[in-house]
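Per-entry structural report
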Amino acid sequence: MTSIKEVLNKFMLEPWWVISNHMEESLNKELIKELSPNHCLYGKKTVAVAKRQDNDDVVYWIYELNKYVVVHLTYSRENSSEYPKTQLFTLNELKKYCENVSNYY
């Protein structure tokens with residue numbers, strides 16, 4: 001069975017990169033720290049799978065929703081449902097989004 005990271009490696013171009021397991025752990029902890037109880041991702045099982053090298057955008061896989069989300073981490077504890085900013089994507093939507101970003105990088 002193909003892993004999520006193997007699928008992403010097929011289309012992730014600079015400034016995106018699929019992350020290592022060590023970084024995955026760190027980014028998972030950071031997301032949990034930032035989410036307020038009002039945030040749409042609060043309490044959901046997420047796994048960091050990719051990151052932009054030029055900013056704080058991280059791609060997470062959300063098991064319960066069977067979707068990806070791009071989260072702009074703030075590196076601070078948030079009290080609002082608006083932050084950290086998130087965008088939900090299917091795999092095809094994520095591919096288009098990442099390719100578009102790569103075209104302007």
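As a reminder, the structure under discussion sits directly above these lines.
Model, not experiment: these values are computed from the prediction. (Residues numbered from 1 in each chain as written. Predicted model: local features only at pLDDT ≥ 70, side-chain atom pairs only at ≥ 80, totals over all residues. Heavy atoms only, no water.)

**Some remarks on helix H2 (residues 21–34)**
In an α-helix, one full turn covers 3.6 residues, which means residues spaced three or four apart are oriented alike. With 14 residues, H2 extends 20 Å between its outermost C-alpha atoms, agreeing within 8% with the 20 Å of an ideal straight helix rising 1.5 Å per residue. Here H2 has its buried residues at Glu24, Leu27, Asn28, Glu30, Leu31 and Glu34. Mapping the buried residues of H2 onto a view down its axis gives an arc of 165°, with all of them on the same face. Turned more than 90 degrees from where H2 packs its buried face, Asn21, His22, Lys29 and Ile32 sit exposed. (Helix = DSSP H or I, 4+ residues; strand = E, 2+ residues; numbered from the N terminus. Expected span 1.5 Å × (residues − 1). Buried < 20%, exposed > 50% of the residue type's maximum accessible area, 1.4 Å probe, protein only. Arc of directions from axis to C-beta.)

**Thoughts on the packing of aromatic side chains**
Tallied over the full model, the rule gives four aromatic pairs. An aromatic cluster is built from Trp16, Phe89 and Tyr97, whose rings are joined through pairwise contacts. Of note, arginine 52 hangs over the ring of tryptophan 16, and the distance from its end group to the ring centre comes to 5.7 Å. The aromatic ring of tyrosine 83 is capped on one face by lysine 85, whose charged end is 5.0 Å from the ring centroid. (Phe/Tyr/Trp six-rings, centres within 6.5 Å; stacked < 30°, edge-to-face > 60°. Lys NZ or Arg CZ within 6 Å of the ring centre and 35° of its normal.)

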